[in-house]
Amino acid sequence: MSIDKIVSLCKRRGFVFQSSEIYGGFGAIYDYGPLGITLKNNISQLWWRDMTQLHENIVGLDSGILMHPKIWEASGHVGAFNDPLVDCKECKSRYRADDLVEKDNKNTEWIKIQCPKCGTTGKLTEPRQFNLMFKTNIGPIEDDSNIAFLRPETAQGIYVNYLLTQNALRLKVPFGIAQIGKAFRNEIVARNFIFRTREFEQMEMQYFVKPGEDDKSLNEWKQKRISFYDQLGLNSSKLRFHEHGKNELAHYAKEAWDIEFEFPFGWSEIEGIHNRTDFDLVQHEKFSGKKMEVFDQQKNERFLPYIIETSAGLNRILLAVLSDAYWEDKDNDRLVMKFHPKIAPVTAVVCPLVKKDGLPEIGRKVMDLLKPHFITIYDQQGSIGKRYYRQDEAGTPFGITIDHQTGEDNSVTLRHRDNQQQDRVDIDQLVKAINDSMENY
Ligand code: ATP
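Residues numbered from 1 in each chain as written. Predicted model: local features only at pLDDT ≥ 70, side-chain atom pairs only at ≥ 80, totals over all residues. Heavy atoms only, no water.

Some remarks on the pairing of strand 18 (residues 334–337)
Inclusion rule: Throughout this description, buried means an accessible area under 20% of the type-specific maximum (1.4 Å probe, protein chains only), exposed means over 50%, and partly exposed covers the range between. The helix and strand labels rest on DSSP assignments: H or I over at least four residues marks a helix, E over at least two residues marks a strand, and numbering proceeds from the N terminus. In short, DSSP must find at least two bridges between two strands for them to pair.
Where burial is concerned, the two faces of strand 18 agree: the one with Arg 334 and Val 336 and the one with Leu 335 and Met 337 are both buried. Summarising the sheet, strand 17 (residues 326–329) and strand 18 pair through four bridges and their orientation is antiparallel. Residue Tyr 326 lies in a different strand from strand 18, and its bridge partner there is Met 337. Hairpin connection of strand 17 to strand 18: four residues between the antiparallel strands, including Asp 333 at a positive phi of 50 degrees.

Structure, rendered in structure tokens:
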């Protein structure tokens, strides 16, 4: 299945739009339509609940996108957050050098490499380092003294607030801080729809542990994080771990694993799990001149914790969910988005069979009953079959039809999206029937 089918469905049904479309689009930025934002919110709410509600020792944070520029010197982003850039002088295509040859292969003879687009050999430039951070200026005057960066990761906001958070909540190591927010990277080659964009959202949880307990903790988080994707209904055979080899490891990492998903364009990272050691805290001590240690009451001593990071990309997970859900049901000549009912953007559609005989009025009452529990929409346009197929494309798991029998015995039909089975359910039992069906999905 090609990614183009998903792109087209996303536009047609209001999941994702290209940014600034009326101006011809804008460099790898996307906007989320009504169904997309709800699906995205449903995913991030599950993550937030999983982290901050189900773990007593993990708390939330929302730090600024703009922060003191020294933070990015300390973290290594000013000096080292670079991608090597290669241009083809013939056709003007631009590449990340590590997309063309093995990462960190310093002995590459670029003169012998062929441009994948135009096929010319000998026209690729030597790689130039390109910093991925977006720069801006604080205040009215644009000069070097007031440069600020749009954060390229949310993690640093957690590190610089970790002691304030720990003190405020009297947390004891091990504890975690979770944050969801925008990050910005001036990617050289942005591609594959919302997979690699210049503005995106991260869901990061930084877990502070005693040195020596880091390896064990990393293993625990690997298991917890991969099982999180069950809740989203992702097919587990499309998920796998990839360990970073020595050449791949980031400057801060002792050990790193990616969770990869099998997208229509191949296996690619959706989340990184890293042992960052005390690298970041040591750096912030150095650059800020402030102590970053926590106090161990039992031992009556101060120490720098190690950090296990779980860093997931919300937009990439959304794309994984969209591509996994996409189902061409050829037997029934329909397109279905098989979202798990817990994250589907719309849970139920209420359809009076006809626009008369008091059925719309009953439909409105059913809406009032369901709205406090589920995202529910009302649809009385067109034939019932067409209405259902419209909702199949939007991924709505339940369809409720009010028909003439409803007036007689207070029952409706409850249609299940995937197998199109219809049950007769008493209106008073509808909330329970939907909840049960969601639980047993
Ligand atoms: P890649 O190698 O694909 O560029 P990365 O290893 O640089 O990713 P991390 O720095 O580990 O990514 O970021 C953590 C997560 O943030 C990634 O797993 C991914 O889900 C998300 N992410 C990173 N860059 C982007 C981007 N440009 N667009 C969308 N999501 C991104």
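There's more to say after this.
A word on the environment of Ile 273
Our working definition: Every residue pair with non-hydrogen atoms within 4.5 Å of one another is taken to be in contact.
Note on placement: Ile 273 falls in strand 13 (residues 266–277). According to the relative accessible area criterion, Ile 273 is buried, its value standing at 0%. Sequence separation between Ile 273 and Met 205 is 68 residues; the distance between their C-alpha atoms is 9.7 Å. When residues no more than four places from it in sequence are discounted, the contact partners of Ile 273 are Leu 218, Trp 221, Lys 222, Arg 225, Phe 241, Glu 255, Ala 256, Trp 257, Ile 259, Glu 309 and Thr 310.

Remarks on the side chain of Ser 411
We apply this condition: Under the rule applied, a polar contact is a pair of N or O atoms within 3.5 Å (in protein, one hydrogen donor and one hydrogen acceptor; residues adjacent in sequence only if both atoms are side-chain atoms).
Mapped onto the fold, Ser 411 is located in strand 22 (residues 411–416). Ser 411 gets classed as buried once you look at its relative accessible area, which sits at 6%. Polar side-chain contacts of Ser 411 include one of 2.8 Å to the side chain of Arg 424. Each residue touching Ser 411, except ones within four places of it in the same chain, is listed here: Asp 403, Gln 405, Thr 406, Arg 424, Val 425, Asp 426 and Ile 427.

Some remarks on the domain arrangement of the protein
The cut-off we apply is this: A domain assignment, automatic or from a database, supplies the domain bounds used here. In short, buried area is how much 1.4 Å probe accessible area vanishes from two parts on joining, totalled over both. Between Lys or Arg on one side and Asp or Glu on the other, a salt bridge is scored when a side-chain nitrogen of the former is within 4 Å of a carboxyl oxygen of the latter.
Considered domain by domain, the protein is made up of domain 1 (3–66 + 151–323) and domain 2 (346–439). Summarising the inter-unit geometry, the C-alpha centres of domain 1 and domain 2 are found 37 Å apart. Counting residues at the interface gives six residues for domain 1, matched by five residues for domain 2. When domain 1 packs against domain 2, close to 470 Å² is buried across both sides, 53% of that on carbon and sulfur atoms. Linking domain 1 with domain 2 are two salt bridges, by the criterion used here. Between Arg 12 and Glu 393 there is a salt bridge, with the nearest N and O atoms lying 3.1 Å from each other. In terms of residue count, the dominant contributor to the side of domain 1 that touches domain 2 is helix 1 (residues 3–13) (three residues).

Describing the site of the ligand
Threshold: For this description, a residue counts as near a given molecule or strand if any of its non-hydrogen atoms is within 4 Å of it. Polar here means any residue outside two lists: the nonpolar Ala, Val, Leu, Ile, Met, Phe, Trp, Tyr, Cys and Pro, and the charged Asp, Glu, Lys and Arg; Gly therefore counts as polar.
Close contacts around the ligand come from 16 residues, with Glu 187, Arg 196, Thr 197, Glu 269 and Ile 270 the closest. The backbone of Glu 271 places a nitrogen or oxygen atom 3.4 Å from an oxygen atom of the ligand. The set of elements that each furnish at least two residues to the shell around the ligand consists of strand 10 (199–209), strand 13 and strand 16 (306–313). Top element by residues in the shell around the ligand is strand 13. It accounts for five residues. When grouped by side-chain class, the residues that make up the shell around the ligand number three nonpolar, six polar and seven charged.

Side note on the layout of surface pockets
Operational definition: Points on a 1 Å grid, built from protein atoms alone, make a cavity when a 1.4 Å probe fits but cannot get out and make a pocket when they are open with protein on both sides within 12 Å along at least 5 of 7 lines; residues with an atom within 4 Å of a point are the lining residues. Grid points are joined across faces, edges and corners, and a volume is the space filled by probe spheres set on the points.
When its volume is computed, the second largest pocket comes out at roughly 400 Å³. Gln 166, Leu 171, Lys 172, Phe 295 and Gln 297 are the residues nearest the centre of the second largest pocket, which is lined by 16 residues in total. Mapped onto the lining of the second largest pocket, the elements with two or more residues apiece are helix 6 (155–169), strand 14 (294–296) and strand 15 (301–303). Among the residues forming the lining of the second largest pocket, the class breakdown is six nonpolar, four polar and six charged.

Details of helix 6
Two residues of an α-helix separated by three or four positions point the same way, owing to the 3.6 residues in each turn. Defined as follows: To estimate how far a helix should reach, multiply one less than its number of residues by 1.5 Å. Bend angle per residue: angle between axes fitted to the 7 residues ending at that residue and the 7 residues starting there.
The terminal C-alpha atoms of helix 6, which comprises 15 residues, lie 19 Å apart, in line with the 21 Å expected from a rise of 1.5 Å per residue. A maximum bend of about 55 degrees is found in helix 6 at Asn 161. Listed as buried for helix 6 are Ala 155, Gln 156, Gly 157, Ile 158, Tyr 159, Tyr 162, Leu 163, Thr 165 and Gln 166. Looking one or two residues beyond helix 6, the residue adopting positive phi is Arg 170, at roughly 50 degrees.

Description of the sheet that holds strand 21 (residues 398–402)
Test applied: To obtain an axis, a line is fitted to C-alpha atoms, over the contacting stretch when the element is a helix, and the angle between two such axes runs from 0 to 180 degrees between their N-to-C directions.
Pairing is mixed in the open sheet, where five strands are placed in the order 20-19-21-22-23. Only two strands of the sheet have a single partner each, and these edge strands are strand 20 (376–378) and strand 23 (422–426). Each strand axis lies, on average, 25 degrees off the axis of its neighbour in the sheet, ignoring direction. Taken together, the five bridges between strand 22 and strand 23 define a ladder with antiparallel strand orientation. Looking across to strand 23, one finds that Val 412 is bridged to Val 425. In this fold helix 11 (residues 384–394) packs onto strand 19 (348–352), strand 20, strand 21, strand 22 and strand 23, with an angle of close to 170 degrees to the strand it touches most, strand 19.

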